[in-house]
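Descriptive structure summary
This is what each chain is made of:
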Amino acid sequence: MTQEEKYNIERHDLSIDRSLRAWSAADEYLLQAFIALEKKPDHFGIYNDRFGFLGCHLHEFNPTVILSQKSQEKAILANSKAHNIPLPNFSNPLSPLENKLDFALIKMPKSLALFQLFLEQIVHNSTENISVTCAFMTRHFSPKILQIAQEYFEVVEQSKALKKARLLVLTKKKNTVKKEMIVPINYKDQVYKQYWGVFSAEHIDYATQFFLEHLEIKETDHHILDLAAGNGIIANEIFKKLPGAEIHVMDDAYLAVASAKLNIQGENIHHHFNNNLSIFDDDTFDLIVTNPPFHFEYEINIQITLQLFKACFRCLKAGGSLQLVANKHLNYKVHLERLFSSVQHIAENRKFVVYKCVK
Ligand SMILES: C[S@@+](CC[C@H](N)C(=O)[O-])C[C@H]1O[C@@H](n2cnc3c(N)ncnc32)[C@H](O)[C@@H]1O
């Protein structure tokens, strides 16, 4: 830890591997850049602060933390509580911000569409002389980052590298027209909509498509959960076949939930911005469907997925099924067999496998 780093920030929820850190050299570079500012901003925003490293260290400057995930919010709450730090103001990437920003820090997200969405919010919720400092690990650099930044700012300057991280300082914002930030995704006869930065932005995910071709649904499936639902496509395809069912649609990403709300609505449809199943009682669902996450930014991590499977088992009724699609190499079968008495491959191709697990 450097001198400025007072708080030991923990990776809440995402991993039990204690060797993984809750921040990187890019976060440290952002912290230093803020501390070096001669005049501190009146209103500043922090984007993509995964576990609260920046929000906690800069709490006395009263930041607005723009939350992309529920798990991020929970981690920031836990880290703030552990260090007796007051909570930051929270906002989300779509709502107008309460105060116009005169400064923003962005830890570069893996999704550059999400980076663009952040800039879109910043330029339309800021003072004329806003300046934005972004940081990324040099190995994650792409010229597209500069291209996007230049769409919104006249001046885009790169710093020298420090511990393999680099800053990008954006000043002189351009006068841009507000964009809708939604992309269409075609599937069969329907156009799904999703916000920039939501999973599988260009076309339906191939695993999801394969899953939809093989999913087994029954007339008697009344209570259904689409877990890690993204834009809600799986839930909506089921809803078309079972319009009377009660369907819960859950995702950890704010923009995924907002997208799902554009695609599936109804009296019996319930949207949840959440990252676990603790809100559901035991024995609730007849069917849980999922194309579960295993990528978290640049990290591949199946621990979260395995915890979700365990929770699915608890929340299924006896005789209910968990159906999921996965990349074959993840080899979930061994884990699923520890929980479920029956785990069948109901379909498989070169890349993906669809499992049906009955409780
Ligand atoms: C592989 S994508 C699937 C999206 C969608 N179901 C589809 O098939 O297009 C995985 C999704 O899991 C979400 N996610 C990640 N961690 C989660 C968690 N702990 N709980 C719920 N959703 C989560 C991500 O935001 C992402 O939308």
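1. Focus on the domain arrangement of the protein chain
In terms of domains, the protein chain is made up of domain 1 (25-173) and domain 2 (182-358). Of note, the centres of domain 1 and domain 2, computed from C-alpha atoms alone, are 31 Å apart. Counting residues at the interface gives 23 residues for domain 1, matched by 14 residues for domain 2. Together, the buried faces of domain 1 and domain 2 total about 1600 Å²; carbon and sulfur atoms form 63% of this surface. Among the residues of domain 1 in contact with domain 2, Lys-70, Leu-94 and Lys-110 are the three that bury the most area, contributing 33% of the side total. In this structure, the connection of domain 1 to domain 2 is made through zero salt bridges. Connecting domain 1 to domain 2 are seven residue pairs in polar contact (both at pLDDT 80 or more).

2. Observations concerning the layout of surface pockets
Approximately 590 Å³ is the volume attributed to the second largest pocket. Lining the second largest pocket are 25 residues, with Ser-24, Lys-107, Glu-297, Tyr-298 and Glu-299 positioned closest to its centre. It is strand E5 (residues 126-137) that provides the largest number of residues to the lining of the second largest pocket, a total of three residues. In terms of residue class, the lining of the second largest pocket is made up of 12 nonpolar, four polar and nine charged. Here the lining of the second largest pocket spans two domains, since at least three of its residues come from each of domain 1 (25-173) and domain 2 (182-358).

3. Looking at the pattern of salt bridges
Applying the stated criterion across every chain yields a total of 12 salt bridges. The partner of Lys-356 in a salt bridge is Glu-216, with the nearest N and O atoms 2.9 Å apart. Of the two residues, Lys-356 is situated in strand E18 (residues 352-358) and Glu-216 in the loop between helix H6 (206-214) and strand E10 (223-227); the sequence distance between them amounts to 140 residues. With a relative accessible area of 16%, Lys-356 lands in the buried category. We classify Glu-216 as partly exposed; its relative accessible area is 34%.

4. Remarks on the pairing of strand E9 (residues 190-195)
Note that strand E8 (residues 182-187) and E9 share six bridges and pair antiparallel. Among the inter-strand pairings, Ile-185 is bridged to a residue of E9, identified as Tyr-192. Remark: two residues form the turn of the hairpin made by E8 and E9, two consecutive strands paired antiparallel; Lys-188 in that turn has positive phi of roughly 50°.

5. Let's talk about the site of the ligand
Neighbouring the ligand are 16 residues; Thr-208, Ala-228, Asp-251, Asp-252 and Asn-275 lie closest to it. In the environment of the ligand, a nitrogen atom lies 3.2 Å from a nitrogen or oxygen atom belonging to the backbone of Asp-252. At 3.0 Å from a nitrogen atom of the ligand is found a main-chain nitrogen or oxygen belonging to Asn-275. Calculation on the ligand without its partners gives an accessible area of 590 Å², and the protein chains cover 89% of this total. By residue class, the composition of the shell around the ligand is nine nonpolar, five polar and two charged.

6. What about the sheet that holds strand E1 (residues 44-47)?
With respect to topology, seven strands assemble into an open sheet ordered E3-E2-E1-E4-E5-E7-E6, the strand pairing being mixed. Single-partner strands in this sheet number two, and they are strand E3 (89-91) and strand E6 (153-158). Recorded for the sheet is a direction-independent mean angle of 20° between the axes of neighbouring strands. In terms of strand pairing, strand E4 (residues 101-107) meets E5 through six bridges, oriented parallel. Note on E5: the bridge partner recorded for Phe-103 is Ser-131. The strands touched by helix H5 (residues 143-152) are E6 and strand E7 (165-173); relative to E6, the strand with the most contacts, the crossing angle is about 145°.

What counts, and where the lines are drawn
For every chain, the first residue of the written sequence is number 1, and numbering continues from 1 onward in sequence order. At least 70 in pLDDT is required for a residue's local features to be given in this predicted model, at least 80 for side-chain atom pairs to be given and counted, and no such filter applies to totals for whole chains, interfaces and linings, which use all residues. Only hydrogens and water are removed before side-chain values are computed, so all heavy atoms of the structure are retained for them. How far each domain reaches was decided by an automatic or database domain assignment. Contacts: residue pairs with any heavy atoms within 4.5 Å of one another. Note on terms: buried area is the combined drop in 1.4 Å-probe accessible area of two parts once they are placed together, counting the loss on both. Throughout this description, the term salt bridge denotes a Lys or Arg side-chain nitrogen within 4 Å of a carboxyl oxygen of Asp or Glu. Identification of polar contacts relies on pairs of N or O atoms within 3.5 Å, with a donor-acceptor requirement for protein atoms, meaning one able to donate a hydrogen and the other able to accept it, and with residues adjacent in sequence counted only if both atoms are side-chain atoms. The rule is simple: put a 1 Å grid over the protein atoms alone, call a set of points where a 1.4 Å probe fits but cannot get out a cavity, call an open set with protein on both sides within 12 Å along at least five of seven lines a pocket, and count a residue as lining if it has an atom within 4 Å of a point. Grid points are joined across faces, edges and corners, and a volume is the space filled by probe spheres set on the points. A run of H or I in DSSP counts as a helix once it spans at least four residues, and a run of E counts as a strand once it spans at least two, with each numbered from the N terminus. In this classification, the charged set is Asp, Glu, Lys and Arg, the nonpolar set is Ala, Val, Leu, Ile, Met, Phe, Trp, Tyr, Cys and Pro, and all remaining amino acids, among them Gly, are polar. Accessibility here uses a 1.4 Å probe with only protein chains present; expressed as a share of the type maximum, an area under 20% marks a residue as buried, one over 50% as exposed, and anything in between as partly exposed. Note on pairing: DSSP must find at least two bridges between two strands before they are called paired. Near residues are defined by distance, with any heavy atom within 4 Å of the molecule or strand qualifying the residue. The accessible surface values rely on the Shrake-Rupley method and a 1.4 Å probe; as for residues, cover is taken only from the protein chains in view. Axis definition: a line fitted to C-alpha atoms, over the contacting stretch in the case of helices. Angles run 0 to 180 degrees between N-to-C directions.

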